[in-house]
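# Descriptive analysis of the structure
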Amino acid sequence: MSSQIKHFYLKTPFDLLLKLKWGINRFNEAIQKDDPSDQFFPAVYYAFDCGITAWSMVDWAWKYHEVELRANPLFSKKGKSDFEQWVRQSSDHLRICYQLANSGKHLGIDKFADAGLVTEVEWTQQPFSAGSPAGEPLMRHRYYFNVDDNGTQLQVGEVLEGAYQFWCRELRIPPIT
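Residues numbered from 1 in each chain as written. Predicted model: local features only at pLDDT ≥ 70, side-chain atom pairs only at ≥ 80, totals over all residues. Heavy atoms only, no water.

### Looking at the overall build of the chain
- Across its full length, the chain holds five helices and three strands.
- Each helix and strand of the chain, placed in order from N terminus to C terminus, yields the pattern α-α-α-α-β-β-β-α.
- Counting over 177 residues, the chain shows a buried share of 37%.
- Contacts in the chain between residues at least 24 apart in sequence constitute 61% of all its contacts with a sequence separation of at least 6.
- For the chain, the exposed surface amounts to about 10,900 Å²; the carbon and sulfur share of it is 56%. (Helix = DSSP H or I, 4+ residues; strand = E, 2+ residues; numbered from the N terminus. Buried < 20%, exposed > 50% of the residue type's maximum accessible area, 1.4 Å probe, protein only. Contact = heavy atoms within 4.5 Å. Areas by Shrake-Rupley, 256 points an atom, 1.4 Å probe, with all protein chains shown as cover.)

Shown next, in the form of structure tokens:
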């Protein structure tokens, strides 16, 4: 295996964790924008990117800490695949990120598909109210990125933040804002 790095800047799981937090912050900024055209597509792309980044932390954590992880009886039999399964079982947020990342990258899920997980983008109208400044639009739209996890309703921002918090705990890295 070549040891040459074929990407920019990222060298450790900490670097990838910072990228995840950066993406979550960009997602949160995008969904707060008032103009739907400034809100929808950046938010969709950030949600996709963050799901991939959160799940990619499995690979980074495994490669960076493989010696310690292989010493754990939970992961000594099948190695990385046991670690992946443990992550999915230990964190509902990362189980969802697994679905988001692989469904988006591969146009569906071949392994460990969760039929009870549904994602949707919903929008609401926020009508003009008396007393609003002149020049304000008569109607505003707000997008909500929802996850129905086998009957449990979540916002994708909660899922992404939960995945980030999981990795901070597991890697013993203090969370940043």
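From this point, the narrative continues.
### Some remarks on the pattern of salt bridges
- In the structure shown here, the tally under the stated rule is eight salt bridges.
- Where Glu 66 meets Arg 70, a salt bridge forms, and the shortest distance between an N and an O atom there is 2.8 Å. Of this pair, Glu 66 and Arg 70 are both found in helix 2 (residues 36–70), four residues apart, which corresponds to roughly one turn of the helix.
- For Arg 70, a relative accessible area of 40% corresponds to the partly exposed category.
- For Asp 149, the salt bridge goes to Arg 95, with nearest N and O atoms at 2.6 Å. Of this pair, Asp 149 sits in strand 2 (residues 139–149) while Arg 95 sits in helix 4 (residues 92–106), and the two are 54 residues apart along the sequence. Both residues of the pair, Asp 149 and Arg 95, count as buried.
- Shared partners join several salt bridges into a network, and the residues in it are Asp 59, Lys 80 and Glu 84. (Salt bridge = Lys/Arg side-chain N within 4 Å of Asp/Glu carboxyl O.)

### Focus on the packing of helix 1 (residues 13–32) against helix 5 (residues 156–171)
- Following both chains from N to C, one finds helix 1 and helix 5 inclined at 160°, their axes separated by 10 Å at the closest point. With respect to helix 5, the element helix 1 is oriented roughly antiparallel. At the point where helix 1 passes helix 5, the crossing takes the left-handed sense. Residues Pro 13, Leu 17, Leu 20, Lys 21, Ile 24 and Phe 27 of helix 1 lie in contact with helix 5, whose contacting residues are Val 156, Gly 157, Leu 160, Glu 161, Tyr 164, Trp 167, Cys 168 and Leu 171.
- Considering only residue class, the contact of helix 1 with helix 5 consists of eleven nonpolar, one polar and two charged. (Axes fitted to C-alpha atoms, helices over the stretch in contact; angles between N-to-C directions. Parallel < 35°, antiparallel > 145°, perpendicular 65-115°, else oblique. Left-handed = near helix turned anticlockwise from the far one by under 90°. Nonpolar A, V, L, I, M, F, W, Y, C, P; charged D, E, K, R; others polar.)

### Points about unusual backbone geometry
- At Tyr 9, a residue that is not glycine, the phi angle is positive and equals roughly 70°.
- Summarising the element assignment, Tyr 9 is placed in the segment before helix 1.
- According to the relative accessible area criterion, Tyr 9 is exposed, its value standing at 59%.

### Re the packing of aromatic side chains
- Per the counting criterion, the structure on display carries 13 aromatic pairs.
- Measuring from centroid to centroid gives 5.7 Å for Trp 62 and Phe 83, while their planes differ by 35°, and the two rings are tilted. You can see Trp 62 sitting in helix 2 and its partner Phe 83 sitting in helix 3 (residues 80–90), a full 21 residues away along the chain.
- Accessibility expressed as a relative area gives 4% for Trp 62, which makes it buried.
- Among the residues examined, Phe 83 registers a relative accessible area of 4% and is labelled buried.
- One aromatic cluster in this structure is built from Trp 62, Phe 75, Phe 83, Trp 86, Phe 166 and Trp 167.
- Residue placement shows Arg 88 over the ring face of Tyr 98; its charged tip is 4.8 Å from the ring centre. (Phe/Tyr/Trp six-rings, centres within 6.5 Å; stacked < 30°, edge-to-face > 60°. Lys NZ or Arg CZ within 6 Å of the ring centre and 35° of its normal.)

### Details of the nonpolar core
- If you look at the biggest cluster of nonpolar residues, it comprises 43 residues, and the most contacted ones within it are Leu 17, Phe 83, Val 87, Leu 94, Val 156 and Trp 167.
- In terms of residue count, helix 2 provides more of this core than any other element does, eleven residues in total.
- Look past the residues within four positions of Val 156 in its chain and what remains in contact with it is Phe 27, Ala 47, Leu 100, Phe 145 and Val 147. (Core = buried A, V, L, I, M, F, W, Y, C linked by side-chain atoms within 4.5 Å.)

### Structural notes on the environment of Pro 175
- For Pro 175, the location among the structural elements is in the segment after helix 5.
- By relative accessible area, which is 46% here, Pro 175 ends up partly exposed.
- The sequence separation of Pro 175 and Lys 21 amounts to 154 residues, and the corresponding C-alpha distance is 8.9 Å.

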